[in-house]
Amino acid sequence: MNINPQTSEVFFAALLTAVATGLGALPFMLVRNFPRHWLGIFNALAAGLMLGASHGLINDGLAYGAGLLILGILSGLGLIMLLNRRLETSKSQAINAFQSSGGTKALLIVGIMTLHSFAEGIGLGVAYGGGQSLGLFITLAIAIHNIPEGLAISLVLVPRGASPLKAMLWSIFSSLPQPLMAVPAFLLVSFFAPALPFGLGLAAGAMIWMAFAELVPDALQDISAATAGAVITLGLVSMLALQVLL
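Reading guide: rules and limits
Residues numbered from 1 in each chain as written. Predicted model: local features only at pLDDT ≥ 70, side-chain atom pairs only at ≥ 80, totals over all residues. Heavy atoms only, no water. Helix = DSSP H or I, 4+ residues; strand = E, 2+ residues; numbered from the N terminus. Buried < 20%, exposed > 50% of the residue type's maximum accessible area, 1.4 Å probe, protein only. Contact = heavy atoms within 4.5 Å. Axes fitted to C-alpha atoms, helices over the stretch in contact; angles between N-to-C directions. Parallel < 35°, antiparallel > 145°, perpendicular 65-115°, else oblique. pLDDT = per-residue confidence, 0-100. Core = buried A, V, L, I, M, F, W, Y, C linked by side-chain atoms within 4.5 Å.

**Q** Describe the overall build of the protein, with residues and values.
**A** A tally of regular secondary structure across the protein gives 12 helices and 0 strands. Seen in sequence order, the protein has helices and strands lined up from the N terminus as α-α-α-α-α-α-α-α-α-α-α-α. Per-residue burial for the protein yields a buried fraction of 49% across its 246 residues. Summarising the internal contacts of the protein: among those between residues at least 6 apart in sequence, 87% fall at separations of at least 24.

Put into structure tokens, the structure is as follows:
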């Protein structure tokens, strides 16, 4: 069966954005052993990056529809709280497989980033539906944004025992929905575009909860509130600056 070259371009562009997520683990290829103090800083930085990413998702969603965006945020909050409660009481094989990478918290952050990638994949496909130049720009923007998102995942996994290679693979895995969703969204723009604000809100709501319910409390166990606040702010501003530049 012949593959439409344009459809193929959309798929490989989205696959590139997924691979870019793995670049966030590169700093940990150089340094592995961190004092406990740095674990607090990493948690705070990951929280700031996730809050910055959620801001970007909300800002993008507002352009499509505030009502569905708000519904998505509330649904994301409810979904992640329900998932967290189930994971805390479950002893499933999936959680056991993550024990070397921080257990439940690792599963949550990879799950949230994977959820977030569904929305980004749809956004990329919808962008290509508006023309090749717009699609290429959005591809570049998502790829660059995915690097600090991969860093956020690695900041949680590596200090808790995961190898940098494993953190890189989980980072890439979390973005695989992007190529999987980009092609259907490109082919069925009229169907996927109206649902995009809900998907963006769903991911944003889950990210905000993760930042405040898990990462910030963990950071405060190892660093002062003043240091945590400063690092979170720097992480958030860095992500916002990246969004503005793109």
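Now that the structure has been shown, we can carry on.
**Q** Which residues make up the packing of helix 7 (residues 132–157) against helix 12 (residues 225–245), and what values go with them?
**A** Where helix 7 contacts helix 12, the axes come no closer than 10 Å and their chain directions differ by 170°. Classed by the angle they form, the pair helix 7 and helix 12 counts as roughly antiparallel. Across the interface between the two elements, Ile144, His145, Pro148 and Glu149 from helix 7 touch Met239, Leu242 and Gln243 from helix 12.

**Q** Can you lay out the confidence of the model for the protein for me, pointing to particular residues and giving the numbers?
**A** Model confidence for the protein is summarised by a mean pLDDT of 81, while 88% of its residues fall at 70 or above. Helix 5 (residues 93–97) is the least confidently modelled element of the protein, averaging 50 in pLDDT, while helix 8 (residues 164–174) averages 90, the highest of any element. Taken together, the stretch residues 1–5 has pLDDT below 50 and engages in 1 contact with residues farther than four places along the chain or on a different chain.

**Q** Explain the nonpolar core residue by residue, including any values.
**A** Counting residues in each nonpolar core, the largest one holds 51 residues, and the members touching the most others are Met50, Ile112, Ile122, Met207, Met210 and Leu215. Those elements giving two or more residues to this core turn out to be helix 3 (36–62), helix 6 (104–129), helix 7, helix 8, helix 9 (177–187), helix 11 (196–220) and helix 12. Residues Ala14, Leu124, Ile142 and Ala182 belong to the second largest nonpolar core, which totals 9 residues.

**Q** An account of the environment of methionine 239 is needed here, citing residue identities and associated values.
**A** Along the chain, methionine 239 falls in helix 12. Note on methionine 239: relative accessible area 1%, which makes it buried. Linking methionine 239 and leucine 51, residues 188 residues apart in sequence, is a C-alpha distance of 8.5 Å. If sequence neighbours within four positions are ignored, methionine 239 has contacts with Leu49, Gly52, Ala53, His145, Pro148 and Glu149.

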